Amino acid sequence: AKAWTVPMLADAKRDGRKLVMLTAYDASFARTMDAAGIDLVLVGDSLGMVAQGHNSTLPVTVADMVYHTACVARGLAKALLIADLPFQSDATPARALDAATALLQAGAAMVKIEGAAHKLETIRFLVEREIPVCGHLGLTPQSVLRLGGYKVQGRDDAAAARLREDARAVEEAGAQLLVLECVPTPVAAAISADLRIATIGIGAGPACDGQVLVLHDLLGVNSGHRRPKFVKDFLAEGGSVAGAFSAYAEAVRSGAFPDAAHSYD
Ligand code: KIV
Ligand code: NA
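Residues numbered from 1 in each chain as written. Chains lettered and ligands numbered in written order. Predicted model: local features only at pLDDT ≥ 70, side-chain atom pairs only at ≥ 80, totals over all residues.

Trainee: How should the overall build of the protein be read in this particular structure?
Mentor: When helices and strands are tallied, the protein shows 12 helices and eight strands. The C-alpha atoms of the protein give 17 Å as radius of gyration, which agrees with the globular expectation for 265 residues (18 Å, within 12%). With respect to the three principal axes, the spread of C-alpha positions in the protein is 45 × 40 × 40 Å. In the protein, of all internal contacts separated by at least 6 residues, the share reaching a separation of at least 24 is 63%. (Helix = DSSP H or I, 4+ residues; strand = E, 2+ residues; numbered from the N terminus. Rg over C-alpha atoms; globule rule 2.2 N^0.38 Å. Contact = placed C-beta atoms within 7 Å.)

Structure below.
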């Protein structure tokens, strides 16, 4: 298969090919994912929880993200590398430009930004400056203090309508991919139908255009936090780390994962 590029994301959605994404934080896991045919690799700021042992993503710095992005980039040949803009590094367009530039120079092809509202200006600012952007709506872990915990978002009609509006606005601002986290299946389905850009779900049901899981969750490695409903341990059926990545990719592409037991209705 060819190496992934940003314009190929739209082709995949148009052709109805599911996108398979995993998080990675180092070169060796990244290399194994790449060889297993994982399409998109995300250096998530979840590294604050799974690698650094914090209880939120708030302590993660741009320097941390740049370090791990450079590590992961060395392991990839085909997968598209996306890196999170960590807490407050996207608070203003100017700060976001500096952070995103450092991440692209470390090897990322796209940066991910949580939220809409004032972030729309930042998304537009980066896109106009040749920096591809992935949005992230629903449960945005950098909002944990305001939200009061990690909870499903968009449950009532008003919240679902707001989420749909935000998703359209993120696309309108120029994002070329959108992660939906902990969103009821019908809401994520409606958003995926509304948008031309691909949606990537995590706890957002099977109708998204792709799926993402945190590496440690997929391998059943305990991070000290309660295991959310959408998590599935693929190591059990895969038999090895490489087998777990292949089993996950196959389950996403066939539509077998996520099923109702791993989604919110
Ligand atoms: O940080 C992360 O790992 C993420 C994914 C869960 C989407 O943002
Ligand atoms: Na993240």
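Trainee: Would you mind showing me how to read the UniProt feature "active site" (unreviewed entry) in the protein here?
Mentor: As recorded in UniProt, the sites labelled "active site" (unreviewed entry) are Glu181. Its place among the elements puts glutamate 181 in strand S6 (residues 177-181). Sequence-distant contacts of glutamate 181, that is, excluding residues within four places in its chain, are made with His136, Gly138, Leu139, Ile202, Gly203 and Ala204. (UniProt positions renumbered as here; feature names shortened; annotations may be inferred.)

Trainee: What am I meant to see in the site of ligand 1 here?
Mentor: Taken together, Thr23, Leu42, Gly44, Asp45, Ser46, Asp84, Val179, Glu181, Ile202, Val212 and Val214 form the complete shell of residues around ligand 1. Tallied by class, the residues present in the shell around ligand 1 amount to five nonpolar, three polar and three charged. (Near = placed C-beta within 6 Å. Nonpolar A, V, L, I, M, F, W, Y, C, P; charged D, E, K, R; others polar.)

Trainee: What am I meant to see in the confidence of the model for the protein here?
Mentor: As a general rule, the predicted coordinates of low-pLDDT regions are not to be interpreted in detail. Confidence along the protein averages 97 in pLDDT terms, with 100% of residues attaining 70 or more. Overall fold confidence (pTM) sits at 0.98, and the ipTM for the predicted complex is 0.99. (pLDDT = per-residue confidence, 0-100.)

Trainee: Please clarify how the environment of valine 241 should be interpreted in this entry.
Mentor: Inspection of the secondary structure assignment puts valine 241 in helix H12 (residues 241-254). Classification of valine 241 by C-beta neighbours within 10 Å gives partly exposed; the count is 18. Note: C-alpha distance between valine 241 and phenylalanine 29 (212 residues apart in sequence) is 8.8 Å. Apart from residues lying up to four places away in sequence, valine 241 is in contact with Thr32 and Leu219. (Buried ≥ 20, exposed ≤ 12 C-beta atoms within 10 Å, placed from the backbone.)

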